[in-house]
Amino acid sequence: MQNKRLHFYIQCRPCTATAQERKAYCSAGRVIFYDPPNVKAMKQTLRAYLKPFVPEEPYCCPVRLAVQWRFPYSKGHHDGDYRLTRPDVDNLLKSMQDIMTELGYWKDDALVVELFAQKIWHKAKPGYCFTITPLGEEKWRERREETEESGCTL
């Protein structure tokens, strides 16, 4: 079965903890990494939010992943303004992708070949907005040929 485009929205207060907050300690000459309680809670929360939207079959073709984090605000911002404060979007994305892989959104996270990630302020509808678009082999070949012809990767 060919996967279709998947689009969903989760209304919530987005998590701000990231995998970058992992801790380490030495024991018997070895470095042991662990997740502090806030990172464990973030991962558990993301799993719970994402689990209802796992596709029936994992994507097994190249995909484009678009994620928008919509953070609530009280004063000084407007819906759609970029959030210019921490956490960094790449750190937010890493945890999200790891959990989506673990839940079975795709066979391998190497299949995510295009990314769009955005952090904005949004008072009316805070949460996460996701779109996963299968690129398919034909579209992927066309894109690769365009890239080779122009020498431009974007």
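In this report, the structure presented in the accompanying data block is examined. Predicted model, so just to flag it, every value in this text is computed and none were measured. (Residues numbered from 1 in each chain as written. Predicted model: local features only at pLDDT ≥ 70, side-chain atom pairs only at ≥ 80, totals over all residues. Heavy atoms only, no water.)

1. Things to note about the packing of aromatic side chains
Here's step 1: A full pass over the atoms with the stated rule returns eight aromatic pairs.
Here's step 2: Taken together, a centroid distance of 5.8 Å and an interplanar angle of 55 degrees make the contact between Y25 and Y34 tilted.
Here's step 3: Of the residues examined, Y34 reaches a relative accessible area of 37% and is grouped as partly exposed.
Here's step 4: Look at Y128 and F130: their rings are 6.1 Å apart centre to centre, the planes differ by 35 degrees, and that puts the pair in the tilted class. Accessibility classification places Y128 together with F130 in one group, the buried group. (Phe/Tyr/Trp six-rings, centres within 6.5 Å; stacked < 30°, edge-to-face > 60°. Buried < 20%, exposed > 50% of the residue type's maximum accessible area, 1.4 Å probe, protein only.)

2. Let's talk about helix α2 (residues 89-103)
Here's step 1: The end-to-end C-alpha distance of α2 is 21 Å, a good match for the 21 Å that 15 residues give at a rise of 1.5 Å each.
Here's step 2: If you check which residues of α2 are buried, you get N91, L92, L93, S95, M96, Q97, I99 and M100.
Here's step 3: Buried-residue contacts for α2 involve α1 (37-50), β4 (63-71), β5 (112-121) and β6 (127-134).
Here's step 4: Taken from the residues just after α2, G104 is the one with a positive phi, measuring 100 degrees. (Helix = DSSP H or I, 4+ residues; strand = E, 2+ residues; numbered from the N terminus. Expected span 1.5 Å × (residues − 1). Contact = heavy atoms within 4.5 Å.)

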